[in-house]
There are 2 protein chains.
Amino acid sequence: MKIQFDQIPEVVTPNMRGGLGEVAGHTFLDGDNRIVRGILRPGSTIGLHTHDTNSEIIYILAGTGKVLCDGVYEPLAAGDCHYCPRGHEHSLINDSDGDLAYFAVIPQHATGTWPTSP
Amino acid sequence: MKIQFDQIPEVVTPNMRGGLGEVAGHTFLDGDNRIVRGILRPGSTIGLHTHDTNSEIIYILAGTGKVLCDGVYEPLAAGDCHYCPRGHEHSLINDSDGDLAYFAVIPQHATGTWPTSP
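We now turn to the structure provided with this report. (Residues numbered from 1 in each chain as written. Chains lettered and ligands numbered in written order. Predicted model: local features only at pLDDT ≥ 70, side-chain atom pairs only at ≥ 80, totals over all residues. Heavy atoms only, no water.)

### Considerations on the overall build of chain A
Secondary structure summary: chain A contains zero helices and ten strands in total. The order of α-helices and β-strands along chain A, N terminus first, is β-β-β-β-β-β-β-β-β-β. Each of the three principal axes of chain A carries a C-alpha extent, and together these read 45 × 35 × 25 Å. Within chain A, buried positions represent 50% of all 118 residues. Considering only intrachain contacts with a sequence separation of at least 6, the fraction spanning at least 24 residues in chain A is 62%. Surface summary for chain A: the accessible area is close to 5100 Å², and the carbon and sulfur share equals 53%. (Helix = DSSP H or I, 4+ residues; strand = E, 2+ residues; numbered from the N terminus. Buried < 20%, exposed > 50% of the residue type's maximum accessible area, 1.4 Å probe, protein only. Contact = heavy atoms within 4.5 Å. Areas by Shrake-Rupley, 256 points an atom, 1.4 Å probe, with all protein chains shown as cover.)

Structure follows, in structure tokens:
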């Protein structure tokens with residue numbers, strides 16, 4: 001199936017997870033995955049939070065910013081991929097003057113190991 | 001953590017899953033996720049396969065192609081997002097004259113439902 005982000009209403013969330021400013025996102029959700037095309041506005045942040053039973057993979061589409069992951073700052077620019085594994089914490093930060101556009105997948109996980117041939 | 005695709009050796013796979021031509025990919029793998037930045041060469045395909053315990057989310061970075069998912073063809077272009085949910089089947093097809101570049105996440109899933117606040 002194709003996820004038609006443009007047909008999913010945009011939701012603007014202020015102070016996401018206790019962060020600053022706002023996030024505008026189109027979100028698809030089912031029992032396994034949360035899939036988002038979002039924009040973190042200039043000066044905004046998604047507050048520090050831990051992924052207990054899921055993880056998050058963020059691919060930067062446009063703009064610049066940084067992420068604070070397990071106490072380490074990582075710069076982000078278009079084409080970069082940030083990964084917050086299960087059990088780890090992160091905060092997404094747009095310290096630039098422009099929008100930070102991203103594509104994110106937040107999957108729920110089994111406790112089993114990866115099969116040899118997925 | 002940042003996934004440094006450029007520092008992950010490129011692996012060229014011919015006839016992936018019984019498909020045509022070849023795929024060139026940089027793959028990160030842990031127990032929860034397989035994360036890939038890949039190129040499906042012109043005229044190449046990834047053969048039809050079912051995601052039994054995992055799913056696949058593909059974001060198209062460049063080029064055009066199509067996917068066959070549960071018997072339905074879906075055109076793909078840069079900025080499109082294809083989702084093959086757990087238990088479903090798909091085949092990725094590059095029927096163009098140029099490379100089809102994509103970012104893919106293949107997560108392993110729990111059987112539980114999505115929590116109210118992930």
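### Notes on the state of the cysteines
All names here are of chain A. Applying the stated rule across the entire model yields zero disulfides over all chains. This cysteine, Cys81, is not joined by any disulfide, and Cys69 carries the nearest cysteine sulfur, 12 Å off. Free of any disulfide, Cys84 has its nearest neighbouring cysteine sulfur in Cys69, separated by 4.7 Å. (Disulfide = S-S within 2.5 Å.)

### Some words on the sheet that holds strand S7 (residues 72-77) of chain A
Residues and elements named next belong to chain A. The antiparallel open sheet is built from four strands, whose spatial order is S4-S9-S6-S7. Looking at the sheet topology across the chains shown, the edges are occupied by strand S4 (45-50) and S7. The average undirected angle you get between the axes of adjacent strands in this sheet is 15°. Relative to strand S9 (residues 89-93), S4 runs antiparallel, the two sharing four bridges. In the sheet register, Thr45 faces S9, and the bridge partner there is Ile93. (Pairing = 2+ DSSP bridges. Axes fitted to C-alpha atoms, helices over the stretch in contact; angles between N-to-C directions.)

### Focus: the packing of aromatic side chains
Counted under the stated rule, the structure contains six aromatic pairs over all chains. Taken together, a centroid distance of 4.6 Å and an interplanar angle of 40° make the contact between A:Phe103 and B:Tyr59 tilted. In this pair, A:Phe103 sits in strand S10 (residues 100-107) while B:Tyr59 sits in strand S5 (residues 56-62), so the two residues belong to two different chains. Comparing A:Phe103 with B:Tyr59, the two get one shared label, buried. Their ring planes at 80° and their centres at 6.2 Å tell us that B:Phe5 and B:Phe103 sit as a pair that is edge-to-face. One end of the pair, B:Phe5, is in the segment before strand S1 (11-14); the other, B:Phe103, is in strand S10 (residues 100-107), and 98 residues separate them in sequence. Neither B:Phe5 nor B:Phe103 differs from the other in exposure class; each is buried. (Phe/Tyr/Trp six-rings, centres within 6.5 Å; stacked < 30°, edge-to-face > 60°.)

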